[in-house]
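Architecture at a glance
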Amino acid sequence: MIARLLILIARGWQMGPSAILPPTCRYQPSCSAYAITALRRYGAAKGGWLAAKRIARCHPWGGYGPDPVP
């Protein structure tokens, strides 16, 4: 139930602000796609933690390139 709510939030980001803003993703897949995959695969607790860690790494001094969900 909570995972579905978090997935809806990520989908809202994909269809709202992310669709309007220019693409600036440092990683592949994007953070929102990563979050959706992690939430589906691991549920709200672990998937949410993985998504939060990924979003925290997404900054100008962070890494870049492929970063699949473990």
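Residues numbered from 1 in each chain as written. Predicted model: local features only at pLDDT ≥ 70, side-chain atom pairs only at ≥ 80, totals over all residues. Heavy atoms only, no water.

The name recorded for the protein in an unreviewed UniProt entry is Putative membrane protein insertion efficiency factor, from Sphingomonas liriopis. For the protein, the Subcellular location (unreviewed entry) comment in UniProt is given as "Cell membrane". (UniProt positions renumbered as here; feature names shortened; annotations may be inferred.)

**Things to note about the overall build of the protein**
The number of helices and strands found in the protein is three helices and two strands. When the helices and strands of the protein are read in sequence order from the N terminus, they spell out α-α-β-α-β. Taken against the 2.2 N^0.38 rule, which gives 11 Å for 70 residues, the C-alpha radius of gyration of the protein at 12 Å falls within 12% of a compact globule. Considered along the principal axes of its C-alpha atoms, the protein spans approximately 30 × 25 × 15 Å. A buried classification covers 26% of the 70 residues belonging to the protein. When contacts within the protein are restricted to residue pairs at least 6 apart in sequence, long-range pairs at least 24 apart make up 68% of them. (Helix = DSSP H or I, 4+ residues; strand = E, 2+ residues; numbered from the N terminus. Rg over C-alpha atoms; globule rule 2.2 N^0.38 Å. Buried < 20%, exposed > 50% of the residue type's maximum accessible area, 1.4 Å probe, protein only. Contact = heavy atoms within 4.5 Å.)

**Some words on the side chain of Ser 32**
Mapped onto the elements of the fold, Ser 32 is located in helix H3 (residues 31–57). The contact partners of Ser 32, leaving out residues within four places of it in the chain, are Ala 10, Trp 13 and Gln 14.

**Considering the pattern of salt bridges**
A side chain of one charge can pair with a side chain of the opposite charge if their charged atoms are brought near each other. Under the definition given, this model contains two salt bridges. Each member of the salt-bridge network shares a partner with another, and the members are Arg 54, Arg 57 and Asp 67. (Salt bridge = Lys/Arg side-chain N within 4 Å of Asp/Glu carboxyl O.)

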